[in-house]
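Close look at the chain arrangement
These are the residues of each chain, in order.
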Amino acid sequence: MTITAMGNRRAGKSSSAGRRTVAAAAAVVLAALAAAPAVAAQPSPAGTPAHAAADAGRGALLRTERVAELTDKEVAAYLAPEFTDAPVRYGVRAYRLTYRTVTPQGRPTTATGLLVLPDGGGRRLAVVSDTHGTMVSRTYAPSVIEGKGFGRLSPYLHAAAGRAVAAPDYLGLGNGPGRHPYMDTASAVTASVDMLRAARTATQQQGRQLTGDVYATGFSQGGQVAVALARALDAGADRHFRLRALAPVSGPYDLEKAEMPGIIDGSVDERSAVFYLSYYLTAQNRLHPIYRDPAEVFRQPYAGVVDRLFDSRHTEEEIFKALPATARELVTDGFYERLRHPSGGLLDAMRAQDGNCGWKPSVPVRLHTAAGDRDVPLANSVNCARDFARHGVRVPVVDHGKTGHFGAFMKATPEIARWFDAVQRTP
């Protein structure tokens, strides 16, 4: 590990997934899409408490459901083998929260998230905001995953270390209505702030209290969200919550100058690049005018199916099988040149997510990454640290070496929990 001052393992799947012929892949996908029901918006849950139903404000808690209860030994077993050195001190109790929030356009909607409380550790608890990485299926989200799931590893670890954890599913994942606006950082932040508000109420329902101290972390897409959320909290987004520390892992902080160039120059794994590009372009086109017809961007037969692949119902495995092996095979020659030299709606979409490291934190910050990461290259963290430095703050970049994207997550997360311990002990 080097420190410098400045869902399901995708990498494994992308390298091992067998590639079907284009005709067979298109036929399978089209058949599945024809049979799949549309994703419908959900009404407010039944049994809503009267006080919550009357409160139309953001973060109003609509429903609390217990989804898991584990002893400390069960937590340790759940975290293995991903986290062999996790600081497990307590068992955990996990709850699915349904709460009010807003769409990217500011209209009222609902979302779900996972609240995890340590089974012990006192009545008053600091809270970790833990924002997850890229997920395509709503059933993989932290609050709804069944059995052992990637989305619960970090929340369980941080709760077992003694802090409450608020882990939003984001919009359109979990039991939230509609489609997920992938990489729309602004709406991920509003969903995360509102999840903290709902967690505050739900924790009180369990006879405990959040102190208001927030420790922000997140992985991959969630690393980007964590930095943007920390910035919002540090600027006073909610008077009940105070940022205490920030430690994201391998976030795509610089789409324009690090992540997209990495897709073009091969720094990003080819299969991962196809997956991310497809998800990003189809989601962002609903928010920014990137294209009017998918055929302007995607080659056939992908132009006819790619948007519906990312409907929050298809799994990552299904999507990988239905897409080609390289970005050159996915997009047209003309659009590939647009990726090299972004402009118009594409550039607007990228810049709308970038720039979240351009502020002066008033709390300790560490950026975790890995030189061997071929999903989110290390350059993202280096550029983020430089942005912080331009605002007068030297932020360490913690390089976990030759390990890959998920390897960085597995190495960093226990270390972050222990670092949060140290920060919490600091007056």
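Refer to the structure above for everything that follows.
As a convention, each chain's residues are numbered from 1 in the sequence order in which they are written. Reporting of local features is limited, given that this is a predicted model, to residues whose pLDDT is at least 70; pairs of side-chain atoms are given and counted only at 80 or more, and all residues count toward the totals for whole chains, interfaces and linings. Side-chain metrics rest on all non-hydrogen atoms present in the structure, leaving aside hydrogens and water.

Attention shifts here to empty space enclosed by the protein. We place a 1 Å grid over just the protein atoms. Points where a 1.4 Å probe fits but has no way out form a cavity, open points with protein on both sides within 12 Å along at least 5 of 7 lines form a pocket, and any residue with an atom within 4 Å of a point lines it. Grid points are joined across faces, edges and corners, and a volume is the space filled by probe spheres set on the points. What the largest cavity holds in volume is close to 180 Å³. What lines the largest cavity is a set of 14 residues, among which Tyr182, Met183, Leu255, Glu259 and Tyr276 lie closest to the centre. Among the secondary structure elements, those contributing two or more residues to the lining of the largest cavity are helix 8 (255–265) and helix 9 (270–284). Three classes are used: nonpolar for Ala, Val, Leu, Ile, Met, Phe, Trp, Tyr, Cys and Pro, charged for Asp, Glu, Lys and Arg, and polar for all others, with Gly counted as polar. Partitioning the lining of the largest cavity into residue classes produces ten nonpolar, three polar and one charged. Of the voids in this model, the second largest cavity is the one considered here, and its volume is about 120 Å³. Around the second largest cavity, the lining comprises 17 residues; the ones closest to its centre are Asp130, Thr131, Ser154, Phe219 and Phe409. It is helix 5 (residues 150–160) that provides the largest number of residues to the lining of the second largest cavity, a total of five residues. The numbering of helices and of strands both runs from the N terminus, where a helix is a DSSP run of H or I of at least 4 residues and a strand a run of E of at least 2.

Moving on to the environment of Gly262. Relative to the helices and strands, Gly262 resides in helix 8. Relative accessible area decides the class of each residue, using a 1.4 Å probe on protein chains only: under 20% of the type maximum gives buried, over 50% gives exposed, and in between gives partly exposed. The buried category is assigned to Gly262, whose relative accessible area is 2%. In the structure, Gly262 is positioned 115 residues away from Pro377 in sequence and 7.0 Å away in space, judged by C-alpha atoms. Two residues form a contact once any of their heavy atoms are found within 4.5 Å. Residues within four places of Gly262 in sequence aside, it is in contact with Ser267 and Val268.

Mapping Gln353 onto the fold places it in helix 14 (residues 344–353). A polar atom in the side chain of Gln353 sits 2.8 Å from the backbone nitrogen of Thr185. When residues no more than four places from it in sequence are discounted, the contact partners of Gln353 are Met183, Asp184, Thr185, Gln224, Leu255, Gln284 and His288. Each polar contact in these results corresponds to two N or O atoms within 3.5 Å; when the atoms are within protein, one needs to be able to donate a hydrogen and the other to accept it, and residues that are neighboring in sequence are counted only if both atoms are side-chain atoms.

With mixed pairing, seven strands are arranged side by side in an open sheet as 2-3-4-6-5-7-8. Two strands bound the open sheet, and with one partner strand each, they are strand 2 (61–70) and strand 8 (242–246). Strand-to-strand twist of the sheet, defined as the mean angle between neighbouring strand axes without regard to direction, takes the value 25 degrees. The pairing of strand 2 with strand 3 (residues 91–102) spans eight bridges and is antiparallel. When the sheet's bridge partners are listed, Glu69 is paired in strand 3 with Arg93. For every element, the axis is a line fit to its C-alpha atoms; helices are fit only across the contacting stretch, and the angle between N-to-C directions ranges from 0 to 180 degrees. Across the sheet, helix 5 lies against strand 2, strand 3, strand 4 (108–119), strand 5 (124–131), strand 6 (164–168) and strand 7 (209–218), angled at about 45 degrees from strand 4, the strand it touches most. Paired strands, as defined in this entry, are two strands with at least two bridges between them according to DSSP.

When you line up the elements, Val305 lands in the loop between helix 9 and helix 10 (306–309). Sequence separation between Val305 and Pro294 is eleven residues; the distance between their C-alpha atoms is 9.2 Å.

This brings us to the pairing of strand 5. If a strand is regular, its side chains alternate between the two faces of the sheet. The element strand 5 is extensively covered by neighbouring structure, given that seven of its eight residues are classed as buried. Across three bridges, the pairing between strand 5 and strand 6 is parallel. Looking at strand 6, one finds that Ser129 is bridged to Ala166. Read as a crossover between parallel neighbours, the route from strand 5 over helix 5 to strand 6 is right-handed. A clockwise path from the first strand over the helix to the second, with the strands pointing away from the viewer, defines a right-handed crossover.

As a rule of thumb, soluble globular proteins bury nonpolar side chains together. By nonpolar core we mean a set of buried residues, namely Ala, Val, Leu, Ile, Met, Phe, Trp, Tyr and Cys, connected to one another through side-chain atoms within 4.5 Å. One finds Leu79, Val92, Val116, Tyr156 and Phe420 to be the most contacted residues of the largest nonpolar core, which totals 45 residues. Residue assignment for this core shows that the elements contributing at least two residues are strand 2, helix 4 (72–79), strand 3, strand 4, strand 5, helix 5, strand 6 and helix 16 (405–425). For this core, the element with the highest residue contribution is helix 16, accounting for nine residues. Ignoring sequence-local partners within four residues, the contact set of Leu79 consists of Ala86, Val88, Lys148, Leu153, Tyr156 and Leu157. If you look at the next biggest cluster of nonpolar residues, it comprises 44 residues, including Leu210, Cys357, Trp359 and Phe388.

This paragraph deals with helix 16. With 21 residues, helix 16 should reach 30 Å at 1.5 Å per residue; the first-to-last C-alpha distance of 30 Å fits that figure. Of all the bends found along helix 16, the most pronounced is centred on Ala412 and spans about 30 degrees, while Pro414, a proline, follows it within four residues. Under the convention used throughout, the expected extent of a helix is 1.5 Å for every residue step, that is, one less than its residue count. Throughout, bend refers to the angle between the axes fitted to the seven residues that end at a position and the seven residues that start at it.

Quick look at the packing of helix 4 against helix 5 now. For the pair helix 4 and helix 5, the least separation of the axes is 10 Å and the interaxial angle reads 145 degrees. In this structure, helix 4 meets helix 5 at a crossing whose hand is left-handed. Facing helix 4, whose interface residues are Val75, Tyr78 and Leu79, helix 5 presents Arg152, Leu153, Tyr156, Leu157 and Ala160. In terms of residue class, the contact of helix 4 with helix 5 is built from seven nonpolar, no polar and one charged. Each crossing gets its hand from how the near helix is turned against the far one by less than a right angle, where anticlockwise is left-handed and clockwise is right-handed.

Right, let's get into helix 6 (residues 185–205). For helix 6, which comprises 21 residues, the first-to-last C-alpha distance of 30 Å matches the rise-based estimate of 30 Å (1.5 Å per residue) to within 8%. In terms of burial, helix 6 is largely enclosed, as 15 of its 21 residues are buried. Following helix 6 by one or two positions, Gly207 adopts a phi angle in the positive range, close to 80 degrees.

Cis geometry is found at the peptide bond from Ala80 to Pro81, where omega equals 0 degrees. Residue Pro301 follows Gln300 across a cis peptide bond; omega there is 5 degrees. Here Pro301 lies in the loop between helix 9 and helix 10. Located in the positive-phi region is Met183, a residue other than glycine, with phi close to 65 degrees.

Two side chains bearing opposite charge may form a pair once their charged atoms approach each other closely. Salt bridges are counted wherever a side-chain nitrogen of Lys or Arg sits within 4 Å of a carboxyl oxygen of Asp or Glu. In the structure shown here, the tally under the stated rule is 19 salt bridges. Between Arg89 and Asp421 there is a salt bridge; the shortest N-O distance is 2.5 Å. Taken as a pair, Arg89 in the loop between helix 4 and strand 3 and Asp421 in helix 16 lie far apart in primary sequence, 332 residues in all. For Asp421, a relative accessible area of 9% translates into the label buried.

In this scheme Phe, Tyr and Trp rings, the latter by its six-membered ring, pair at centre separations within 6.5 Å, and the angle between planes marks the pair as stacked below 30 degrees, edge-to-face above 60, and tilted otherwise. Going through the model one piece at a time under the given rule, you end up with 17 aromatic pairs. Pairing Phe275 with Tyr279 gives two aromatic rings, centres 6.2 Å apart and planes at 65 degrees, and the pair type is edge-to-face. Residue Phe275 and its partner Tyr279 are located together in helix 9, separated by four residues, close to a single helical turn. Exposure remark for Tyr279: the relative accessible area of 3% places this residue in the buried category. Clustering of aromatic rings is evident, with ring pairs tying together Tyr182, Phe275, Tyr276, Tyr279, Phe310 and Phe320. Criterion for a charge above a ring: Lys NZ or Arg CZ within 6 Å of the ring centre, and within 35 degrees of the ring normal. Directly above the aromatic system of Tyr78 lies the positively charged group of Lys148, at a separation of 6.0 Å from the ring centroid. Just above the ring of Tyr336 sits the side chain of Arg328; from NZ or CZ to the centre is 3.9 Å.

On their own, these measurements won't tell you what the molecule is for.
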